[in-house]
There are 4 protein chains.
Amino acid sequence: MGGNTFGTLFKVTTWGESHGRALGAVIDGCPAGLPLDEEDLKVELVLRRPGRRYTTPRKEGDEPQILSGVFRGKTTGMPISVIVWNKDVVSDYYELIKETPRPGHADLAYIKKYGYEHWDYRGGGRASGRETVSRVIAGAIAKKLLSCLGVLVTGNVVNLGGEEFPSAKDPQEGLKARLSPFRVVNGDEGAEEILRNALKNKDSVGGIVEVVAWNAPSGLGEPVFDKLKADLAKALMSIPAAVGFEVGYGFKLASMRGSEARDKIVTEVGEPVLEGEKAGGMLGGISVGGNIRVRVAFKPTSSIMIPEKTVNIKTLEESDIRVPGRHDPAIVLRAVSVAEAMTAITLVDHAMRSGLLNPVRIEWNESCERLWRLYREYLPTSLS
Amino acid sequence: MGGNTFGTLFKVTTWGESHGRALGAVIDGCPAGLPLDEEDLKVELVLRRPGRRYTTPRKEGDEPQILSGVFRGKTTGMPISVIVWNKDVVSDYYELIKETPRPGHADLAYIKKYGYEHWDYRGGGRASGRETVSRVIAGAIAKKLLSCLGVLVTGNVVNLGGEEFPSAKDPQEGLKARLSPFRVVNGDEGAEEILRNALKNKDSVGGIVEVVAWNAPSGLGEPVFDKLKADLAKALMSIPAAVGFEVGYGFKLASMRGSEARDKIVTEVGEPVLEGEKAGGMLGGISVGGNIRVRVAFKPTSSIMIPEKTVNIKTLEESDIRVPGRHDPAIVLRAVSVAEAMTAITLVDHAMRSGLLNPVRIEWNESCERLWRLYREYLPTSLS
Amino acid sequence: MGGNTFGTLFKVTTWGESHGRALGAVIDGCPAGLPLDEEDLKVELVLRRPGRRYTTPRKEGDEPQILSGVFRGKTTGMPISVIVWNKDVVSDYYELIKETPRPGHADLAYIKKYGYEHWDYRGGGRASGRETVSRVIAGAIAKKLLSCLGVLVTGNVVNLGGEEFPSAKDPQEGLKARLSPFRVVNGDEGAEEILRNALKNKDSVGGIVEVVAWNAPSGLGEPVFDKLKADLAKALMSIPAAVGFEVGYGFKLASMRGSEARDKIVTEVGEPVLEGEKAGGMLGGISVGGNIRVRVAFKPTSSIMIPEKTVNIKTLEESDIRVPGRHDPAIVLRAVSVAEAMTAITLVDHAMRSGLLNPVRIEWNESCERLWRLYREYLPTSLS
Amino acid sequence: MGGNTFGTLFKVTTWGESHGRALGAVIDGCPAGLPLDEEDLKVELVLRRPGRRYTTPRKEGDEPQILSGVFRGKTTGMPISVIVWNKDVVSDYYELIKETPRPGHADLAYIKKYGYEHWDYRGGGRASGRETVSRVIAGAIAKKLLSCLGVLVTGNVVNLGGEEFPSAKDPQEGLKARLSPFRVVNGDEGAEEILRNALKNKDSVGGIVEVVAWNAPSGLGEPVFDKLKADLAKALMSIPAAVGFEVGYGFKLASMRGSEARDKIVTEVGEPVLEGEKAGGMLGGISVGGNIRVRVAFKPTSSIMIPEKTVNIKTLEESDIRVPGRHDPAIVLRAVSVAEAMTAITLVDHAMRSGLLNPVRIEWNESCERLWRLYREYLPTSLS
C-alpha cells in the first residue's frame, strides 16, 4: 500500500521522484472560495528552495503550476492538482554508485522492499528530500485556510549542530525567522559559523526545528487515537531525516516532578485558559486554545564527502563510499518549511473534523487576507 | 469524528469510560487460525495492572471476556470483541471536583470541546488511563501474531524521574524487565528509591519507556507519509501522558555530525545489513531487518496531593486543587505495557500492508508457539 | 482486512456471530448532546424482530444495552458501545449439516476464504441475517440525528414475490407502513396471500424495498467517487441477500429517451428545485434538496424445505440438502428496517462530511424531538 | 471532503475538469515490477474515446503521459501519476447558458453545494463525463495487474434504449464486443438503428452495461460492510449517469421463488463450485471462484436539442433550455470502458486486501503477458 496520501478530510496525495519528469500534489478537500494562485505557492516554496547560502546549489527554481480546482482565481472545492517539472537534473553520478547503497539514506530499505531491479536510484528517487516540494505546496494552501481561523504557523531552528538558538516568543519573532538564511530567530553569525565549520570538515550537522501554531482554537484533536499530538507526531515524523518529536516541554517533562509539570489554569478575558506552555497547548491530546508548540529533531545530512562503509549489493563486497554532489551541510534549514507545512496540513484536517472549518465553502474576508499577507511581508529581499 | 479506531488492515476500535459500565476493544482484521483465549489477554493485562507496588491501589482485577471472533479456540477472521466490566468504581469524589478542571488532565479540553454539560467527569471519563486496558488487549493479539513472524516486542523504563536505567541489549534482557516491578532491566533499588521519595513528597515523577521489536523483518513501512517511524510516532504519542517520541538515537542525532550519525552497511550471513542502531532499524522510514528501537517520554502523574491553580468552570473564580485518590507516583511504569501494545499493533498492521502477514489465514506452528510462550515465562510470580 | 466498519466521520463498527455469546455495535463519531436511551434502540429493533407473523419464530427479544458514550441520558461524543446478548440459541442442527454448505448461503464462500476448520458454521456465523441487529441499532442513532436536520427515513416493501405494492407518496404513508406486518403501504391481504402460498409450498419469495429520506437537504454527497448514490449503493448492497440497487427511476431509465428522463427545474418558495423524482433527488450524485428515493432488491430466503444440490466438503460427494429450522418465507420483510438503517447511517455520515451536521455537539430541541417522536407513534400495537 | 480517492490498498485519486488545463490520476499502491508504458493506457482510452461513430465528435485524442512511478519500463511501487492535457476545448457556449442549470446535469447540485460563484460551469466542470478518462487510465493498470491473477475483465452493452442485446457467454465474446462500435456482442445493425433514430429525433437513449470478470479467484470481498458486491456497487454507481446496479440475476431474483433462485453446488475438478451464475459468482458477498457478473443501468444523455424546463439562477425566472454542442446519443456506449475500469480497480483492491495479490512486488511472467495481450488483439482496426 502506497502511503502517499495524508489526512482524513483535507487529503494530500503526493507523487514524483527526484529525477523523474515532474512531481506534484493533489489536494482534495479544500473548500470552495479560497483565493489561490501560483504566487501563493511560490511564496512558501521559495523559503524551502535550495540555492540560498548553505543549502544545495541545485537550482530547483520551482515553478508550480495549478492544473485543476481553481477557477477565476478561487478554489472550487474540486481537487487541486499542482505540478512542478523537474529541471537541472543530472543523474550520471547515481549510475556510478547505484550498486552501493549510501549509508544513512533510504537506498538499502528500498532495495530490500521493492527489489534492486525496481529501484529508482537516481537522486534518492521517491525518498529524496525533493519530495517535500509537494508538502510545501499543500502546506501553503493549508496555511492560507488557517488564516481564516486566525492561526499563523511559523517555524524556526532552535538547535543547530548541538548549539541552541532561541524559541520564538511571539508571532513576530516567528515571522522574523523567515528573513534569516538559517531560519533562526536570533544568532545568524553563530549559525553561519557552525555551517562554515561543517563545510570545512566536509561534514554536516543535525538540528531541531520548533513550529508554533499561534492562537490556535480549542477543540482540535480527537480522543484516544487521533489526538492532535498523535497526528502531529505522525505528520512531522514522516518528514525525511526526522528522528524525534515532542510537544511542549517534551522529553524535559520526563525528568520533572508532577508539581512542576502542570500548566496552571487561570481566567483570561472571562475564559479559563492555560498559563504556560509546558503541555504544548494541548490537554488529553486536544487543543485548549492558544499556541501549539512542537519540536522535531533532524539527523545530519547523510551525503557528505567523509566516507562510510557500505556493501556492493551484487558482489556483497564491503567498500567505502563518499557522496559528493550538491548537498546541504544541514538539512534542518530546509526542514523548517516542511515542518510548518505538515503542521498546517494537520491543523486544517482537524479543524474540519471538529466542525471548526467548513469543508465545503469558505468566506474569505479582510481579516483572513490580513493574516495571510503577513507571510509575504516576511520574505528575504533576495527572494521576494 | 471519533478517532477511536487505529490501523488500516489490522483495525483496533476501542470504547468505554473509566467509571462507565464496561470498556472494550473490537479487533477487526485478525486472520483466521490464531489460537486465542482469555488467558492470552490476561497475561498482558496483568503486567499493566494497578495493584502492584507503586501503582494505584484501585483493584481492577480485569477479567477480559471474548465475545466474538473465536470459535473452538481459534480466531475465525471475524471481528474479535473483548469486554472488561468495570468494578470497584467509586465516583463520589469526582462529584466534588467536577467544576474545577484538574491541571495537567484532559478535563478542560473536554469541557471546551464537548461542553461542560456533556462531559463525563467521573475518573477522567474516556481520557482516563484506564482506557489503555483496551489497547493492551489488542496488543496481546498483535504480539501473538508477531510471534509467527519471529518478532518479540519488549519494553522497559530507561529513565525514571531523571535517572537513567539501562536499555535492553538483547531479547532476554527485554523479557527480564517484565519481572521487575519497575519494569527496568536493572536497578530495582534505585527505581524504588525514586518512587519512595516521590510518594514521601506527595509528588510524582515522569520517565521514558524504550520499546524494542526484536528481529523485525525488512520492508515494514511505506514511502512518504506512512513511514514506519511516522506510524509508530502516532501510535505511541496517542498514549495518555506521552509527550515525546524518538527512533534510534533520536534527539541525540541533532547534536551529532553526519560522519558520526550513519550506521555502517555490512554483510552478515550473505546479506547487507546495518551495523548499529543509530537509525532505530529503519532507513527512509522503512525497516531494514533487525531490531526496531523507539522511545517515548511520559510526563509525571498529574493527580497529586500538591495543589495547583485552577478555575471554577461556572464562577470563573480561581482556586487551588489537589487530587487525592488512588494514583500512581509514576504512570510510566504502567505505560510500558501500553507502549509495547501500540508498537505491536502498528507492526502487525504494516506487516499486513506489506504482504508479510497474510490478512486472511495464519498457520500457527511450533515456532510461533515457542516465541509466544516466552512472554508467559517472564511473569512476576506474584501475578502469574 | 475485516471490513466491519462503515463510514468516514460517523463510523459504525459491528461484531458478533449468530450463535456466539453476543453481538453489538460501536458507533464512533456521534456528536455530544443527543438524548439517547435503550428504549430508542428498541423502538427500531422491534420492527425488525422476528416473532411477528411470517418471520422466523426464533425469539430474539433483543435487549440492547448501552455500555459507553452516554452520560446522564445524553451522548458525550465518545464511542457508543451497544451489546445484545444472544439467547434462545440452538446449534445442534448445524452440527449435522456443517459438512454440506447450504446453497444460496455464504457457507461455501467462508469455507473457501477462511478454511473449513476456521468456519463458525452455527447459524451462518457472521454471515447470518442476525448480524443486522447491529445495523438497526446504529441506524436508530442515525435516524435520531437526522431528526435534527428535519429528515425522516421510512421504508416499505414495493414488490413481494413479483407482485407490486405502492410506493409511499408522503412521509405519513411511509410511517404507516410501520404498522403493517408486511411493511407495505397498502395491501396487507395481498401480501399475506403471497406468503401463505410460499409457506404452503415450503418455498420462499423475494422482494424489493423502497426507502425514502423525506425532505433531505441539498449538498449531500461528494463529486466523483463518494457520490451519495454510490455510498448509498454500497450501504444497501452490503445487506445480506441484497442483489440489486437503484436510485429514482433506476433501471427504468435505461429504456427511456433523454427527453423523458430529465426532472424539470422549477422555482418553489423562491428556490430552484426539481419537479419530479426521476433522479431520486440527486444530480451528479449530490442531493439537490427534497426526497431521496432508492430501492433494493432482495433474493428469496435460501433456507427452505425444498432440497437443492450441494457437495460434502470432505468427501466431495454430491447430495441434496433441505434446511428446516426457523426461517422467514421472505427476508425482505425484515430487510426494511435494515435498509432504513443503512440509508440513515449514510446520510448522517455525508451530512457531517458536508458540514451540515456538527460532528462534535448537537443542539437537541423541540423540533428534533417532534420528528423523532413520529417514529414511536407508528408502532404496531402488539409491539409498542 | 473531496471524495476523489477510491480504494483501500490500491488507491486511485483523480483530478481535473472538463475544460481545465489537464486532468489526471494518481495510482498509489501499484506493486513494483509491472511493465507499464503509455501505450498500455492508450489501448484502453481508445475504446472510450469519442470520435467514433455515434459518440461525441469532440476530438479528445488523449495522450496520457506517465510522470512518475515507472522506471526503465516497470513500475517501482511509487505512486504513478498520469496526466492528459485538455485540447480542443471551446467554452464559449457555456458562458451563454451558465445561469440556467441544465436539467439532468449536475449543474444545480454544484450550484447549491459550492455556490454559484465558485462553480466551474465550463463543460460540466468536474462533473463532466470527461472525468472518466482518469478512471480508464487507472483501470488499465488494474486490468494489467489482474492478468497476473488469470482474470480478464470485459464489458458489453446488454440493453440499448429498451432493446436487449446478448450477454457474453465466454471471454471471447466479451473481447469481441470491443470490436463493435456499439460495444455489443452481437447486433450492430440493431444498435445502429436505435441510435440513428435517437439522433433523428434529436433525442438520446439509455442502456445497460454488463461487466464480467472471467475466472475470478475465490475469497474476494470481506464480511459485512466491505462485501465485494457492495464495493462493486459503489464503484459502478459512482460513474456519471449510473442509476442502477445488480449482481447476477439481480432484480429478477426479487420475483423468483427460493427454490428457483439458488445456484447448485457441484464438484468440478475436485473442488466444490457453483453451477450457474444466479448469484453473480458471490455468496455472502464473497467470490466463490468463477465469473463475477454485474450490470449497471445508465440514463439517457441529458444534453439534447429537445428543450426542457429550467430556472435562471439569478432571476429565478423559468425558461426552456436545449443543449446543442457535441454529445453522444447514448453515453452507455462510452460507459462500457468506464464500468470495466471500475470493476477492475475494485477487484485489484480486494485481491490485495485478501492477500491474493502482493502489494509490494509482482512477478510478471509469460502467462500474465499472454492474458494482457488479448486486450490488444481485440481493438477495432480503425483505432489500433
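Residues numbered from 1 in each chain as written. Chains lettered and ligands numbered in written order. Predicted model: local features only at pLDDT ≥ 70, side-chain atom pairs only at ≥ 80, totals over all residues. Heavy atoms only, no water.

**Q** When you look at the overall build of chain A in this model, what are you seeing that I'm missing?
**A** Looking only at helices and strands, chain A features 10 helices and 17 strands. In terms of overall size, chain A behaves like a compact globule, its C-alpha atoms giving a radius of gyration of 21 Å where 384 residues would be expected to give roughly 21 Å. Based on the C-alpha atoms only, the size of chain A along its principal axes is roughly 70 × 55 × 45 Å. Looking at the 384 residues of chain A, the share that counts as buried comes to 70%. (Helix = DSSP H or I, 4+ residues; strand = E, 2+ residues; numbered from the N terminus. Rg over C-alpha atoms; globule rule 2.2 N^0.38 Å. Buried < 20%, exposed > 50% of the residue type's maximum accessible area, 1.4 Å probe, protein only.)

**Q** Teacher, can you tell me more about the sheet that holds strand 3 (residues 22-28) of chain B here?
**A** Sheet strands pair by backbone hydrogen bonding; their relative direction is either parallel or antiparallel. Residue and element names in this part refer to chain B. The antiparallel open sheet is built from five strands, whose spatial order is 1-2-3-7-4. Looking at which strands have only one partner, the edges of the open sheet turn out to be strand 1 (5-6) and strand 4 (65-66). Sheet analysis places strand 2 (residues 11-16) next to strand 3, joined by six bridges and oriented antiparallel. What sits directly across from Lys11, in strand 3, is Asp28. (Pairing = 2+ DSSP bridges.)

**Q** Teacher, can you tell me more about unusual backbone geometry here?
**A** Most peptide bonds adopt trans geometry, and most residues besides glycine take a negative phi value. Its identity as a non-glycine residue notwithstanding, Val269 of chain C has a phi of 45 degrees, on the positive side. Relative to the helices and strands, Val269 of chain C is located in the loop between strand 12 (264-268) and strand 13 (271-275). Unlike most non-glycine residues, Val224 of chain D shows phi in positive territory, near 65 degrees. Relative to the helices and strands, Val224 of chain D is located in the loop between strand 10 (207-218) and helix 7 (228-237).

**Q** Just checking my understanding: could you explain the pairing of strand 2 (residues 11-16) of chain D for this structure?
**A** For a regular strand, side chains alternate in direction, first toward one face of the sheet and then toward the other. Residues and elements named next belong to chain D. With six of its six residues buried, strand 2 lies for the most part within the structure. Covered by surrounding structure in strand 2 are Lys11, Thr13 and Trp15 together with Val12, Thr14 and Gly16, the residues of both alternating faces. Sheet topology places strand 1 (residues 5-6) next to strand 2; two bridges connect them, and they run antiparallel. Within the sheet, the bridge partner assigned to Thr5 lies in strand 2 and is Thr13. The turn linking strand 1 back onto strand 2 is made up of four residues, and Gly7 within it adopts a positive phi angle of 110 degrees. In sequence, strand 2 turns back onto strand 3 (residues 22-28) through a hairpin of five residues.

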